[in-house]
Amino acid sequence: MKIVIALALVLILLALAAAGLFMLRRGPDGAAAPKGRMARALAIRVGVSVAIFLFVLLAHALGWIEPTGIPAGR
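Everything in this summary refers to the structure shown in the same document. (Residues numbered from 1 in each chain as written. Predicted model: local features only at pLDDT ≥ 70, side-chain atom pairs only at ≥ 80, totals over all residues. Heavy atoms only, no water.)

**So, helix α2 (residues 36–61)**
Going by this rule: Secondary structure follows DSSP: runs of H or I at least 4 residues long count as helices, runs of E at least 2 residues long count as strands, and numbering of each begins at the N terminus. Multiplying one less than the number of residues by 1.5 Å gives the expected span of a helix. For the exposure calls, accessible area comes from a 1.4 Å probe over protein chains only, and a residue counts as buried if that area is under 20% of its type's maximum, exposed if over 50%, partly exposed in between. Contact between two residues is taken to exist if any of their heavy atoms lie within 4.5 Å; hydrogens are not considered.
When the terminal C-alpha atoms of α2 are compared, their 37 Å separation across 26 residues agrees well with the 38 Å that a helix rising 1.5 Å per residue should span. For α2, the complete set of buried residues consists of Met 38, Ala 41, Val 48, Ile 52 and Ala 59. Buried residues in α2 make contact with α1 (2–24). Once α2 finishes, Gly 63 follows within two positions and takes phi at roughly 85°, a positive value.

**Regarding α1**
Structurally, the α-helix is built with 3.6 residues per turn, so residues lying three or four positions apart point the same way. Over its 23 residues, α1 runs 33 Å from end to end, which matches the ideal 33 Å to within 8%, given 1.5 Å per residue. Turning to α1, its buried residues are Ala 8, Ile 12, Ala 15 and Ala 19. Here the buried face of α1 lies against α2.

**Let's talk about the environment of Arg 37**
With respect to the helices and strands, Arg 37 occurs in helix α2. Classification of Arg 37 as partly exposed rests on a relative accessible area of 44%. Along the chain, Arg 37 and Ala 18 lie 19 residues apart, while their C-alpha atoms are 8.8 Å from each other. Dropping the residues within four chain positions of it, Arg 37 is found in contact with Phe 22 and Arg 25.

Spatial relationships are all this shows, so hold off on functional conclusions.
This is the structure we're talking about:
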C-alpha cells in the first residue's frame, strides 16, 4: 500500500518537473515551443493525483487502511 502511494507521488513530481522543462524549452527557431506537451504533462499530474485520492478512498472503504490520530470532535 505504501509503495503504491510513494510511486504515485514520485510520478506526480516527475510530471510536474517535465511540465516545467517543457515550459522553459524553446523551439528550434528560438520561438516559444508549442504548449501541447506541457499541458499533457500537467494533465497526467492531475490524473495521477485524482487516481491516488480515489485509491485511498477505496482502501479505506475496503478496510485496508484505518484512520488514526486525534478523534473527530476534539
